[in-house]
Amino acid sequence: LRGFHKQQNNKDMNLQEGVRQDDLLWLLGSLCGLFRIPFDAALLAQSHPPPHTLATLHDAARALGIKTGQRALERLDWQKLPLPAIAFLAPADSPEDVPVGEAPLAPSCVLFPLLIVKVSADQFLYFRPGAQSPETLPIDDAANHLAPELLLVARESAVGSDDEADIAGFAT
């Protein structure tokens, strides 16, 4: 987690905070793979053109059949966290070069997602965008490196199904 730090303030994440297109597509493609939902990156990119924000991530996920909601990191019981979940890092320095065709975002408002896939007693396992190998972060260090909220995700119930359960840990 070198090169990243805790966000400057402890306010809730703003829905207008930016997410890079490549990160958005990787994240949604990964979630679709986990939930066995068909995914077409080109179609999603066409229907959700840049600039991308946290609101775009929520909208695009819901369009794919994925429920979303936010959960504060403060007082989080990591052992009860519904998985997968999404955490965000804030950059310590200015972001990498902006890809061609993507609108630049102010460095202070670009979110870098992590896909959390497993939690143990003292650490969690996550993937960075595009990574093939997972990394770990001690739970005790999470507040020092992550944005103040997590994004919780779950597959929507099938249309016409009686299973209308909420995502564990929050109301949609």
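One can find the structure itself at the top, above this paragraph.
Quantities reported herein were computed from a predicted structural model and do not represent experimental measurements.

Enquirer: I tried to follow the overall build of the chain on my own but got confused; where do I start?
Expert: Secondary structure assignment for the chain yields four helices and eight strands. Helices (α) and strands (β) of the chain occur, in sequence order from the N terminus, as β-β-α-α-α-β-β-β-β-β-α-β. Burial statistics for the chain: of 172 residues in total, 44% are counted as buried. Partitioning the intrachain contacts of the chain with sequence separation of at least 6 by distance along the chain shows that 73% fall at a separation of at least 24. When the accessible surface of the chain is totalled, it reaches about 9,300 Å², and 49% of it is carbon and sulfur.

Enquirer: Which parts of the structure should I look at to understand the pattern of salt bridges?
Expert: Two side chains carrying opposite charge are able to pair once their charged atoms lie near each other. Tallied over the full model, the rule gives four salt bridges. Taking the shortest distance from any N to any O, the salt bridge between D22 and R20 comes out at 3.8 Å. In this structure, K80 and D77 form a salt bridge, with 4.0 Å as the shortest nitrogen-oxygen distance. Since its relative accessible area comes to 67%, K80 is described here as exposed. On the basis of relative accessible area, D77 is assigned to the partly exposed category, the value being 35%.

Enquirer: Is there a simple way to think about helix 3 (residues 54–63) in this case?
Expert: Because an α-helix packs 3.6 residues into every turn, residues spaced three or four apart end up facing the same way. Among all positions in helix 3, only L54, T56, L57, H58, A60 and A61 are buried. One side-chain oxygen at the N-terminal end of helix 3 lies 3.3 Å from the backbone nitrogen of A55; it belongs to T53. Downstream of helix 3 by one or two residues, G65 has phi in the positive range, about 95°.

Enquirer: How should the pairing of strand 8 (residues 149–155) be read in this particular structure?
Expert: Along any regular strand the residues' side chains alternate between the sheet's two faces. Counted residue by residue, strand 8 has six buried out of seven residues, so it is predominantly covered. Taken together, the seven bridges between strand 3 (residues 66–72) and strand 8 define a ladder with antiparallel strand orientation. Looking at the pairing, T68 lines up with V153 of strand 8.

Enquirer: Teacher, can you tell me more about the packing of aromatic side chains here?
Expert: The way to describe two aromatic rings as a pair is by their centre distance and the angle between their planes. The final tally for this structure, using the stated rule, is two aromatic pairs. Aromatic pair W78 and F124: ring centres 4.9 Å apart, planes at 5°, arrangement stacked. On the criterion of sequence distance, the pair formed by W78 in the loop between strand 3 and strand 4 (85–91) and F124 in strand 6 (residues 123–127) is long-range, its members being 46 residues apart. Of the two residues, W78 and F124, both sit in the buried class. Measuring from centroid to centroid gives 5.9 Å for F124 and Y126, while their planes differ by 55°, and the two rings are tilted. Counting every residue linked through ring pairs, the aromatic cluster contains W78, F124 and Y126.

Enquirer: For this particular structure, what's the right way to read the environment of F39?
Expert: Locating F39 in the fold gives a position in the loop between helix 1 (21–35) and helix 2 (41–47). For the pair F39 and L28, spaced 11 residues apart in the sequence, the C-alpha separation amounts to 8.2 Å. Those residues within four positions of F39 in sequence are excluded, and the remaining contacts are L25, L28, G29, C32, L44 and L64.

Enquirer: Explain helix 1 here, please?
Expert: Between its first and last C-alpha atoms helix 1 spans 21 Å; for 15 residues at 1.5 Å apiece the expected length is 21 Å, and the two agree. Of all 15 residues making up helix 1, 11 are buried, and the element is well covered by its neighbours. Once helix 1 finishes, R36 follows within two positions and takes phi at roughly 55°, a positive value.

Enquirer: Got a minute to help me understand the environment of L125 in this structure?
Expert: The topology assignment puts L125 in strand 6. Residue classification places L125 among the partly exposed residues on the basis of a relative accessible area of 24%. It is 9.6 Å that separates the C-alpha atoms of L125 and L114, two residues lying 11 residues apart in sequence. What L125 contacts, discounting residues up to four positions off in sequence, is L115, I116, V117, K118, P134, E135 and T136.

Each value, and the rule that gives it
Residues numbered from 1 in each chain as written. Predicted model: local features only at pLDDT ≥ 70, side-chain atom pairs only at ≥ 80, totals over all residues. Heavy atoms only, no water. Helix = DSSP H or I, 4+ residues; strand = E, 2+ residues; numbered from the N terminus. Buried < 20%, exposed > 50% of the residue type's maximum accessible area, 1.4 Å probe, protein only. Contact = heavy atoms within 4.5 Å. Areas by Shrake-Rupley, 256 points an atom, 1.4 Å probe, with all protein chains shown as cover. Salt bridge = Lys/Arg side-chain N within 4 Å of Asp/Glu carboxyl O. Polar contact = N/O pair within 3.5 Å; in protein donor to acceptor, adjacent residues only side chain to side chain. Pairing = 2+ DSSP bridges. Phe/Tyr/Trp six-rings, centres within 6.5 Å; stacked < 30°, edge-to-face > 60°. Expected span 1.5 Å × (residues − 1).

Everything listed here is a matter of coordinates, which is why it stays silent on function.
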